[in-house]
Amino acid sequence: MTIAEDAARLGLHKVGGRPPLRDYVADVWKRRAFIYSMSRFKIESENQQNSLGMFWVILKPLLNALVYGMIFGFLLPSDTRPPHFVEFLIIGVFIFEFFSQSWTAGGKAITNNAALVQSLAFPRMVLPLAAVTQRFLQFLPTVGIMLAFLMIAGNAPQLHWILIIPIFALYYVFNCGLALVTARLAAHWRDVNNFLPFLTRFFFYTTGIFFSVEERFGPHKATASKEATEGHPTIITISHFQPVHEFLSLARSALLPGNSYTIDERYWLYASVWSIGLFVFGVWFFWRAEERYGRVD
Amino acid sequence: MAVSTDETQVQAPQPPTDRKPVVVVDDVHVEYKVFATGKRPTAADRRSNVLKGRGKQMRTVHALKGVSFTAYEQDSIGVIGTNGSGKSTLMRAIVGLTPTSRGAIYATSRPSLLGVGAALMKDLSGERNIILGGLAMGFTRDEIAANYDDIVKFSGLEKFIDLPMRAYSSGMTARLKFALASVQTHDILIVDEALAVGDRRFRARSEARIREIRDNAGTVFLVSHSMQSIKDTCSRVIWLDQGTLVMDGEPDEVINAYDTAQDQQP
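### Notes on the overall build of chain B
- Assigned secondary structure in chain B consists of eight helices and nine strands.
- Evaluated residue by residue, chain B yields a buried proportion of 48% over its 266 residues.
- The long-range share in chain B, meaning contacts at least 24 apart out of those at least 6 apart in sequence, stands at 74%.
- When the accessible surface of chain B is summed, it comes to about 13,100 Å², and 48% of that surface belongs to carbon and sulfur atoms.

### Some thoughts on the pattern of salt bridges
- Summed over all chains, the structure comprises twelve salt bridges over all chains.
- A salt bridge links Arg40(A) to Glu44(A); the nearest nitrogen and oxygen atoms lie 3.7 Å apart. You can see Arg40(A) and its partner Glu44(A) sitting in helix H3 (residues 32-48), four residues apart, about one turn around the helix.
- Using a relative accessible area of 31% as the deciding quantity, one classes Arg40(A) as partly exposed.
- Assessed through its relative accessible area of 23%, Glu44(A) is described here as partly exposed.
- Each of Arg40(A), Glu44(A) and Arg128(B) takes part in salt bridges that share partners, so that together they form one network.

### Thoughts on the interface of chain B and chain A
- With 40 residues of chain B in contact, the opposing surface of chain A contributes 35 residues.
- In this assembly, chain B and chain A are joined by two salt bridges.
- Across the pair Arg110(B) and Glu290(A) runs a salt bridge whose closest N-O atoms are separated by 3.9 Å.
- Scanning the region where chain B abuts chain A turns up six residue pairs in polar contact (both at pLDDT 80 or more).
- At the level of secondary structure, the elements contributing two or more residues to the side of chain B that touches chain A comprise strand E1 (21-36), helix H2 (87-95), strand E4 (102-107), strand E5 (112-114) and helix H3 (126-136) of chain B.
- Examining the composition of the side of chain B that touches chain A, we find that six residues originate from one element, H3(B), more than from any other.
- Of the residues that constitute the side of chain B that touches chain A, the class distribution is 25 nonpolar, six polar and nine charged.

### Description of the packing of helix H7 (residues 126-152) of chain A against helix H8 (residues 164-188) of chain A
All names here are of chain A.
- The geometry of H7 relative to H8 is characterised by a closest axis approach of 10 Å and an angle of 150° between their N-to-C directions. Of the possible angle classes, the one that applies to H7 and H8 is roughly antiparallel. The two elements H7 and H8 cross, and the hand of that crossing is right-handed. Contact residues: Pro128, Leu129, Val132, Thr133, Phe136, Phe139, Val143, Met146 and Leu147 in H7; Ile164, Phe168, Tyr172, Asn175, Cys176, Ala179, Leu180 and Ala183 in H8.

### Brief notes about the sheet that holds strand E8 (residues 236-241) of chain B
All names here are of chain B.
- Spatially, six strands are ordered E5-E6-E7-E3-E8-E9 in an open sheet, and the strand pairing comes out mixed. Each having just a single partner strand, E5 and strand E9 (244-249) make up the two edges of the open sheet. Taking each pair of neighbouring strands and ignoring which way they run, the sheet shows an average axis angle of 15°.
- As judged from the five bridges shared by strand E6 (residues 188-192) and strand E7 (residues 219-223), these two strands associate in the parallel manner. Residue pairing for E7: Val191 is matched across the bridge by Leu222.
- Helix-sheet contacts for helix H6 (residues 200-215) involve strand E3 (76-80), E6 and E7, and the interaxial angle to E7 is about 145°.
- Contacts from helix H8 (residues 251-264) reach E3, E8 and E9 within the one sheet, and its direction differs from that of E8 by about 25°.

### Brief notes about the confidence of the model for chain B
- Looking at chain B as a whole, its pLDDT mean stands at 82, while 83% of the residues score no less than 70.
- On the interface metric, ipTM, the complex scores 0.80, and its pTM is 0.84.

### Observations regarding the nonpolar core
- Phe34(A), Met125(A), Leu127(A), Phe168(A), Ile80(B) and Phe178(B) are the most contacted members of the largest nonpolar core, which totals 129 residues.
- At 13 residues, the largest contribution of residues to this core is made by helix H5 (residues 85-107) of chain A.
- With sequence-adjacent residues up to four places away left out, Met125(A) is seen in contact with Tyr24(A), Val28(A), Leu180(A), Val283(A), Phe286(A), Trp287(A) and Glu290(A).

### Points about H8(B)
- The first and last C-alpha atoms of H8(B) sit 20 Å apart over 14 residues, in line with the 20 Å expected at 1.5 Å per residue.
- Where the residues of H8(B) are buried, they touch E3, helix H7 (227-233), E8 and E9 of chain B.

### Topic: H6(B)
All names here are of chain B.
- Taking 1.5 Å of rise per residue, 16 residues should cover 22 Å, and H6 covers 23 Å from first to last C-alpha, within 8% of that figure.
- Lining the buried residues of H6 we find E3, helix H4 (141-155), helix H5 (170-181), E6, E7 and H7.
- Of the residues flanking the end of H6, it is Ala217, one or two places downstream, whose phi is positive at about 65°.

### Things to note about the packing of aromatic side chains
- Applying the stated criterion across every chain, the model contains 30 aromatic pairs over all chains.
- For the ring pair Trp189(A) and Phe195(A), a centre distance of 6.0 Å and an interplane angle of 25° mean the geometry is stacked.
- You can call Phe195(A) partly exposed: its relative accessible area is 45%.
- On the basis of an interplanar angle of 85° and a centroid distance of 6.1 Å, the ring pair of Phe178(B) and Phe202(B) is categorised as edge-to-face. Highlighted residues: Phe178(B) in helix H5 and Phe202(B) in helix H6, separated in sequence by 24 residues.
- Judged by its relative accessible area of 0%, Phe178(B) falls in the buried class.
- An aromatic cluster of at least three residues, connected via ring pairs, comprises Phe98(A), Phe136(A), Phe139(A), Phe168(A), Tyr171(A), Tyr172(A), Phe174(A), Phe247(A) and Trp274(A).
- For Arg18(A), the ring lying beneath its charged end belongs to Trp287(A), and the centroid distance is 5.0 Å.

Definitions and cut-offs
- Residues numbered from 1 in each chain as written.
- Chains lettered and ligands numbered in written order.
- Predicted model: local features only at pLDDT ≥ 70, side-chain atom pairs only at ≥ 80, totals over all residues.
- Heavy atoms only, no water.
- Helix = DSSP H or I, 4+ residues; strand = E, 2+ residues; numbered from the N terminus.
- Buried < 20%, exposed > 50% of the residue type's maximum accessible area, 1.4 Å probe, protein only.
- Contact = heavy atoms within 4.5 Å.
- Areas by Shrake-Rupley, 256 points an atom, 1.4 Å probe, with all protein chains shown as cover.
- Salt bridge = Lys/Arg side-chain N within 4 Å of Asp/Glu carboxyl O.
- Polar contact = N/O pair within 3.5 Å; in protein donor to acceptor, adjacent residues only side chain to side chain.
- Nonpolar A, V, L, I, M, F, W, Y, C, P; charged D, E, K, R; others polar.
- Axes fitted to C-alpha atoms, helices over the stretch in contact; angles between N-to-C directions.
- Parallel < 35°, antiparallel > 145°, perpendicular 65-115°, else oblique.
- Left-handed = near helix turned anticlockwise from the far one by under 90°.
- Pairing = 2+ DSSP bridges.
- pLDDT = per-residue confidence, 0-100.
- Core = buried A, V, L, I, M, F, W, Y, C linked by side-chain atoms within 4.5 Å.
- Expected span 1.5 Å × (residues − 1).
- Phe/Tyr/Trp six-rings, centres within 6.5 Å; stacked < 30°, edge-to-face > 60°.
- Lys NZ or Arg CZ within 6 Å of the ring centre and 35° of its normal.

Listed below in C-alpha cells is the structure:
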C-alpha cells in the first residue's frame, strides 16, 4: 500500500489540492455572513478616514454627476444626443461607476488581502465576492439619488421603474463573475491590475454613457440639412452583445420616457445569459486555482 | 536515537498505533526558482562584464531536500534549526502556500498559519478583525459572539480593541492573531515564530493554550528559537538543517544534540 492510499484511507487530503466544486460552493455559501460583514466594515473604515464620513457615499456620485454634467452638458455639445440628455447621462455615469469600481476592486481582491489569505484557511472565493458586494452596497444609495434626480427633472415615478430591481440583480451577478475571473488572472499575473484602468476607460468612452450608440452609428433618414445614411450596422450589432451597453439600455428603457428608449426585448435574454454565464464560468475558473492563491512562488 | 549522518535514514519514533495521523509529510522537496540580481561585481568583473550588463540569472534554491515525518493528533511538535534551515518553508508547504517540487503532504484539514508580521485586515479595528476572522474560519455569528469575550480577554487588548489594527504594535498584532486562531481547538495550528514578539506574560499564556489544544486532540507546530518555550510546550521536536531532517524525537534529546552542534560551530 502506498502512502497516498494510506493517507486517503485515514481521511487525509493532499495539501495543495482543492475540494470538489460542489463542496467548495457549499463552503462559500456558508460564509455569506463573512461576505456581507466584510463589505460593510470596509465601507465604514474607508469613510472613517474622511472627516465627512459616511456622507461620502452620497457625495461622491453627486460630484461625479456634476462634473460630467458640466463637461458634456456645456463644454462638449454634440448632435448625437438623445432627448432627456441630462437624465440619460446621469443614469449612464452612475451605473457605469459600479461596473468600473467593482472590476477594479475585484481584480485586487486576492492580492490586497495577502495577509488574510496566508494566515487563515477559508475558501478564497469570498474575497472577490465581498469586494463586489461592497461596491454594490455603495451603489444602492446612488440609485436612490438617481431616482430622486429623475423626479426633480420632471419624470413622475412609473410602475415600470420596478424593473430596475431585476436589472441591477443581474448586473450584480455579472460583476461578480467578472471579478472572479479577474481576481484569478491578477493572482497569476499582477500586471492585469495595471491594465484595468485603461480597459475601464475604454469601456467608458465606447459604451454610450454620454452619447447614444444608436444615434451615432444607426441609420438616419434624410433631413433638410443631411442626406440619408446607412450608419454602421456592424457597430450596432456589436453593441447589442456588449453587456454593459445592454445593462445601460435596459435601465434607461425602464426609467426614461419616450420612444427613443424602447429596446429590443431580446436584451433581457442577452443580459441574463451574460450574467449567469459569466458567473458560472467565473466560479469554475476561480475554483480551478484555489490552491494557488497566497503563494509567493 | 542518534544524530543521523548524511546518508543514513532518520530514525523516526515508533508510530503510536492508537493515535490518528494528522499530517503526513512524504519525502518533500521544495525548490525555489528565483532571479538573482547577480553578486556585486568586483573591479575585474566590471571591466569585463559591464557592457554585457549584469544579466538576471535564474538560481535554484533547494530549500527542502527530502523531509519525511508523520504528525499525530495530540502532538505538539517543536521545529528548530538555524536561520535558513527550511523551517518556515516546511510550515508553508504544510499549509499549501509553497508547492512541493517532489513528494507530497497529506493533512486532515487546512491549518491556520501564524507568522510574524502583517495584520489580517489592517484598516479594520481589532474587534472587526475578530469577527471577520471568525466568520472566515467558518464560525457562525452566534459562535463568535459566544467566544468574543474570551478571545479579547486572552489577547489582553481590551483597551485597544476598537482601534484599527494598523495602529497595533507587532506584539499586539501577534496576540490578537494567536487569540483568534487558537479558538479552533481541535484542528491543526502552526505558530511560526509568532510568539517571539509577545511579552513574557503573553508567551506563558499562549504556551498554556498550546498545551490545552494538544490535550483536546489538536496538533500544534511551534517554530521557535526559544528552547525553553519548546521544552515547556512540545512533546516532540524536529531539527532541520539546510533543508534536511537531522533528528526527530524527544524534546530534551533533540535540543541537547542541537545545542551541542551549535556550540561546535565557530
